[in-house]
Each structure stands twice: as C-alpha cells, then as structure tokens.
Amino acid sequence: MPSPLQNDTFLRACLGEAVPVTPVWLMRQAGRYLPEYRATRARAGSFMGLATNPDFATEVTLQPIDRYALDAAILFSDILTVPDAMGLGLSFAEGEGPRFERPLRDEAAVARLEVPDMARLRYVFDAVASIRRALAGRVPLIGFSGSPWTLACYMVEGAGSDDYRLVKTMLYARPDLLHRILAINAEAVALYLNAQIDAGAQAVMIFDSWGGVLADGAFQRFSLDYTRQVLRRLKREADGRRVPHIVFTKGGGPWLEAIGALGADVVGVDWTVHLGQARARVGAAVALQGNLDPNVLFAGAEAIRGEVAATLASFHAGSAPGPNGHVFNLGHGISQHTPPEHVSVLVDAVHELSRPYHAPAGT
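Predicted model, so just to flag it, every value in this text is computed and none were measured.

### So, the packing of aromatic side chains
Part 1 of the argument: For the structure on display, the rule yields eight aromatic pairs.
Part 2 of the argument: Both rings, one in Phe219 and one in Trp255, keep their centres 4.0 Å apart while their planes meet at 10°; by these two values the pair is stacked. Here Phe219 is found in helix α11 (residues 218-233), whereas its partner Trp255 is found in the loop between β8 (245-249) and α12 (256-260), with 36 residues between them in sequence.
Part 3 of the argument: These aromatic residues form a ring-pair network of at least three members: Tyr37, Phe47, Phe76 and Phe92.

Here is the structure:
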C-alpha cells in the first residue's frame, strides 16, 4: 500500500486546484551540479551503470529532495531508454553525450524496427517502484519519456545534432519512413509511460525537446500529431487519483494554442514565452509549467529573487481569472555548472513570493 502523500501541492497545481503556494521542481534537478550526484555516479562507474541500477537511480532521485524543499521528484533515467530497448545500441562516451551504434539510416533498418518488449525496460519500472517506497509520501513522483519526434531525431541522427540534417532529409525525402518510426515510437512511449504509472509514477511528462527545430506545418505533422497519439493512450488515474499529463516542447511558443489543445493537463514553456500571454492563449483549463531562464541561477541571490518575482508576476498578469494552475520550473534543464546554494535561493523564493498570490481575498 503506497504511503499517504504529505505534500500534494504539485498535483493540485497541475489540475488547476487551489494551493497555498506555487509548487516548484526543476528539470534535471538530480544531476551533475550536485556533488553528491557526482559521487554516486563515480561509484556506479558510468552513466548507464547509474541509470540501469534501481538502487543508484533511487539514491540520485532523492538527493535534491533531501537538499531542497522541492514539491516533486522526477525519476532519474534517460529519454533514450526506449530506442535502446529497440536494439539500437545506446552508449555514453565521456564528454560526447549519447550515441547509437545502429542508427536508422535506410529503409531496411526502419522496416526492422519494432515496439520493444517492456520487459527490457524492467530496470526503469523497478526504479520507479523503489523511488516511490523511498519517498514515503514526501512528494509526488514524476515519470517521463521523450516524445516520438525527439526520440526519432536521435534514432536517425545516431547522436545529438546541430542541424538535424539526416532526420530532416528523411522527413522531406522519405516521409513514409519517418512516419513509420514515429508511429512505432508513439505506441512504445504510451506503453512505457503507462508501465511507469503502474509502477508508481503519480504524474508523467513528455519531453518534446526538439519540436522547436521543425518548420511550421512539419511540427504539426511530425511532432504534435504523434504526441497527441501518446496522450490519448495514457492512463488517467492511479491509486484512486488523477495522474496529470505534462507536455513540454522546447521552442514551442509559436504553436501554444495547438499544444494546449492536445488534452494534456499541463503545458511546459521555455523562457522565450511570457507566461501571462501563454495563459491567455491556452486558456485557464490548462495549467502552465515554467519558465525561468536556467542561466539566472548563475547570478546572485538578489537577482534570482527578482527574476522569480518577475516570473510569478508574469503568470498572474494573464487574462484568465484565478491564482492557480502554475507549476514553477526552469525553461529548460538546470546547467551542470549551477552553484547548488543558488538553487536553495530559488526554491525558497518561489514559496515565499508566491504565497500572497494564493491567499484568500481579505487576508
């Protein structure tokens, strides 16, 4: 039986319900900026050794929760676990980032692609269950996956890319091949996220990290449509409670109305978007997540507090009524060079400075 949830502020904000303060968590909150993370990674021997070991994954997921007053934990894993389970051969070279041994470069490779057996991802689901037990109800746990399009970028390019030349060549020259990859990815991602929910994830997030590199028109056909397919297949409840669905498209500002209409409970936005304008564009029925520039965390405490105040004010400047429906986050992942003490300033500032926005009228 899961432990009762002691702090459900994040889940309530995702659903637009009343909260005492704006909840806050950070993308990549468990990571290289923390000395305790670096120590655990050294013990694990490699990034994959860390990510595929449920005990290590549990340890690093809880490190920022132990250090800061964050309102949610997020599973420590990698967005490329799904294509790795498809047999593409994921590896992480020191200083180079992820790389696939067998990228999808021709028709034969695409024809061989199949939805993976979820048993190959058992280590992820075991980590989710382990983290839920270790959290003991302190805060909710977020599960996640890359979007079908973002996964396809890595699967075709074979690694990260500056120009997306290979995947975009396929998009324009052989869209049939790319649509096959994306359809398989959408089915796999939905299965993967539902298995995380079954294992104990209390919210799930789809990272469409590279949606913003697409041209208008291409974004709708090759990213948005497949994210919609995933969302339609996701479970809505677990443990008798609604499981919020979050979508984040980096660079997605031009298409906010369409993203907001996907059916997700929460739309994440990067730092190029004014939160009040975003709120007016997606409507009050959809919560927003974001959107402080991660580089603010290199400034001093006064500057951090000032930017937190400005971000909170921008959300509440929207035309939609009511103080709720905002989850504070960065506009993208935290930098590995961030001073850990600056994160404390940020988290404490969000709670302190947001409280007046949530106070009942007349108090």
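Now that the structure has been shown, we can carry on.
### Some remarks on the nonpolar core
Part 1 of the argument: Counting 128 residues, the largest nonpolar core has Phe10 and Leu346 as the members making the most contacts within it.
Part 2 of the argument: Ignoring any residue separated from it by four or fewer positions in sequence, one finds Leu346 in contact with Leu26, Leu292, Leu297, Ile304, Val308, Phe328 and Leu330.

### Considerations on the packing of helix α9 (residues 165-173) against helix α10 (residues 175-199)
Part 1 of the argument: With their axes 5 Å apart at the nearest point, α9 and α10 run at an angle of 115° to one another. Taken together, α9 and α10 sit at an angle that is classed as roughly perpendicular. For the pair formed by α9 and α10, the contact residues are Val167, Met170, Leu171, Tyr172 and Ala173 on the first element and Pro175, Leu177, Leu178 and Ile181 on the second.
Part 2 of the argument: Each residue belonging to the contact of α9 with α10 can be placed in one class, and the counts come to nine nonpolar, no polar and no charged.

Scoring rules and cut-offs
- Residues numbered from 1 in each chain as written.
- Predicted model: local features only at pLDDT ≥ 70, side-chain atom pairs only at ≥ 80, totals over all residues.
- Heavy atoms only, no water.
- Phe/Tyr/Trp six-rings, centres within 6.5 Å; stacked < 30°, edge-to-face > 60°.
- Helix = DSSP H or I, 4+ residues; strand = E, 2+ residues; numbered from the N terminus.
- Core = buried A, V, L, I, M, F, W, Y, C linked by side-chain atoms within 4.5 Å.
- Buried < 20%, exposed > 50% of the residue type's maximum accessible area, 1.4 Å probe, protein only.
- Contact = heavy atoms within 4.5 Å.
- Axes fitted to C-alpha atoms, helices over the stretch in contact; angles between N-to-C directions.
- Parallel < 35°, antiparallel > 145°, perpendicular 65-115°, else oblique.
- Nonpolar A, V, L, I, M, F, W, Y, C, P; charged D, E, K, R; others polar.

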